[in-house]
Amino acid sequence: MSIYNKRWLSAACAGVLVPLLALAADKAPAPAALFKEVRALENGGALLPGSHLWMHGSRMADYYTIDRANAIAVKAAQHGVRNVTRFPAGSLYIKENFDIHKVLKTVTAMLKVPGYDHADRDWVMAAYKPNGQVIAYGRVESCISCHAIAAKTDFTFPSGANLPIATVEKFFPGQPISPFYRAALAKQGHP
């Protein structure tokens, strides 16, 4: 790990993680407070292990994505998201979603709050526009029903995990699928 990354993790522990860990069980932060944590990760947060800059998403709406996480989630996933069965309390995982021109369109977030929603692994789900306007927040059924597919990895999708096109179309009806995503699935032998 580089000195820069160690310094960032130390700063993250001091500035970002303390507010999240101070949450009482079943007490999610207000949407604006969570967006401040999201913004902190956007401005220098670590990449989720196994992720890289400008990954291809499944749809034209998220043609490129960047997965970032706070120090708690990064540590839990240090051997890869595929090896995580439960993320610890305070884990924050964000996905920056960019269009084909690399313009940020939305940011989605998952925050683990103990006691928040046990049936759905205690994740607070959120989606924001780049300016912080809330698109969805809390126990978002459409997010949960899709993420439940990834129950083995605590409702998180490992980087590079490609869902079948029919699944993507089910959860995002009417949204054009990225040609890159279609080609990647075909290369893997999926229709």
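Refer to the structure printed above.
Along each chain, numbering runs from 1 in the same order as the chain's sequence is written. Note on the predicted model: pLDDT of at least 70 is required for a residue's local features to be given, and 80 or more for side-chain atom pairs to be given and counted; whole-chain, interface and lining totals, by contrast, use all residues. Based on all heavy atoms of the structure, the side-chain values leave hydrogens and waters out of the count.

K.L.:
When you look at the overall build of the protein in this model, what are you seeing that I'm missing?
P.N.:
Within the protein one finds 6 helices and 7 strands. Taken from N to C terminus, the helices and strands of the protein fall in the order α-α-β-β-β-α-β-β-β-β-α-α-α. Every accessible area reported is derived by Shrake-Rupley at a probe size of 1.4 Å, with residue values counting cover from the shown protein chains alone. Carbon and sulfur atoms form 59% of the exposed surface of the protein, whose accessible area is close to 9,700 Å². A run of DSSP states H or I qualifies as a helix once it reaches four residues; a run of E qualifies as a strand once it reaches two. Both are numbered from the N-terminal end.

K.L.:
In this structure, what is going on with unusual backbone geometry? I would like to understand it.
P.N.:
One can expect most non-glycine residues to show negative phi and most peptide bonds to be in trans. Its identity as a non-glycine residue notwithstanding, Trp 54 has a phi of 60 degrees, on the positive side. Mapped onto the fold, Trp 54 is located in the loop between strand S1 (46–47) and strand S2 (55–56). Positive phi is not limited to glycine here, since Lys 102 has a value of about 65 degrees. Summarising the element assignment, Lys 102 is placed in the loop between strand S4 (92–98) and strand S5 (104–112). Exposure is judged per residue with a 1.4 Å probe applied to protein chains only, and the accessible area is read against the type maximum: over 50% gives exposed, under 20% gives buried, and values in between give partly exposed. For Lys 102, a relative accessible area of 39% translates into the label partly exposed.

K.L.:
Just to check I follow, could you spell out helix H2 (residues 31–42) for this structure?
P.N.:
Structural remark: α-helix, 3.6 residues per turn; residues separated by three or four positions point the same way. Here, expected helix span is obtained from the residue count minus one, scaled by 1.5 Å. With 12 residues, H2 extends 16 Å between its outermost C-alpha atoms, agreeing within 8% with the 16 Å of an ideal straight helix rising 1.5 Å per residue. Just downstream of H2, Gly 44 is the residue with a positive phi angle, here 130 degrees.

K.L.:
It is not clear to me how the packing of aromatic side chains should be interpreted in this structure. Could you clarify?
P.N.:
Each aromatic ring pair is characterised by the separation of its centres together with the angle its planes make. Each Phe, Tyr or Trp ring (for Trp, its six-membered ring) is paired with any other whose centre lies within 6.5 Å, and the angle between the two planes then decides the class: stacked below 30 degrees, edge-to-face above 60, tilted in between. This model, assessed by the stated rule, comprises 5 aromatic pairs. Taken together, a centroid distance of 4.7 Å and an interplanar angle of 65 degrees make the contact between Trp 54 and Phe 98 edge-to-face. With Trp 54 in the loop between S1 and S2 and Phe 98 in strand S4, the pair connects residues that are 44 residues apart, well separated along the chain. In textbook terms, an aromatic cluster arises when at least three aromatic residues are bridged by ring pairs, as seen for Trp 54, Tyr 63, Tyr 64 and Phe 98. Just above the ring of Phe 172 sits the side chain of Arg 59; from NZ or CZ to the centre is 3.8 Å. A cation over an aromatic ring shows up here: Lys 102 above the ring of Trp 54, its NZ or CZ 4.6 Å from the ring centre. Any Lys NZ or Arg CZ found within 6 Å of a ring centre and within 35 degrees of that ring's normal is scored as a charge over the ring.

K.L.:
Could you clarify how one ought to interpret the nonpolar core in this entry?
P.N.:
Nonpolar side chains tend toward joint burial in soluble globular proteins. Only buried residues count toward a nonpolar core, which is a set of Ala, Val, Leu, Ile, Met, Phe, Trp, Tyr and Cys residues joined through side-chain atoms within 4.5 Å. Counting residues in each nonpolar core, the largest one holds 18 residues, and the members touching the most others are Leu 48, Ala 77, Phe 87, Trp 123 and Met 125. Secondary-structure elements contributing two or more residues to this core are helix H3 (71–76) and strand S6 (123–128). By residue number, the principal contributor to this core is S6, which donates 3 residues. Any two residues whose heavy atoms approach within 4.5 Å at even a single point are treated as in contact. Excluding anything up to four places from it in sequence, Phe 87 contacts Ala 73, Ala 76, Ala 77, Lys 112, Trp 123, Thr 153, Asp 154 and Thr 156. Judged by nonpolar contacts, the second largest core, of 15 residues, contains Phe 35, Val 107, Val 124 and Ala 126.

K.L.:
Whenever I open this one, the pairing of S6 confuses me. Can you help?
P.N.:
Within a regular strand, side chains alternate between the sheet's two faces. The buried count for S6 comes to 6 of 6 residues, which makes it a mostly enclosed element. Of the two faces of S6, the one lined by Trp 123, Met 125 and Ala 127 and the one lined by Val 124, Ala 126 and Tyr 128 are each fully buried. At least two DSSP bridges between two strands are required for those strands to pair. Of the pairings in the sheet, the one linking S5 to S6 comprises 6 bridges and is antiparallel in character. Note on S6: the bridge partner recorded for Ala 109 is Ala 126. Pairing analysis gives 4 bridges linking S6 to strand S7 (residues 134–138), with the strands arranged antiparallel. Paired with Tyr 128 across the two strands is Val 134, which belongs to S7. Hairpin connection from S6 to S7: 5 residues lie between these consecutive antiparallel strands, with Gly 132 at a positive phi of about 95 degrees.

K.L.:
Looking at this structure, I do not really get helix H6 (residues 179–187). What am I missing?
P.N.:
Along H6, the positions that sit buried rather than exposed are Tyr 181, Ala 184 and Leu 185. In an axial view of H6, the angular spread of the buried residues amounts to 100 degrees, which keeps them on one side of the axis. Summarising the geometry of H6, the exposed residues directed more than 90 degrees from the buried face are Ala 186 and Lys 187. As for H6, its buried residues are in contact with helix H5 (165–171). This arc describes the spread of directions from the helix axis toward the C-beta atoms.

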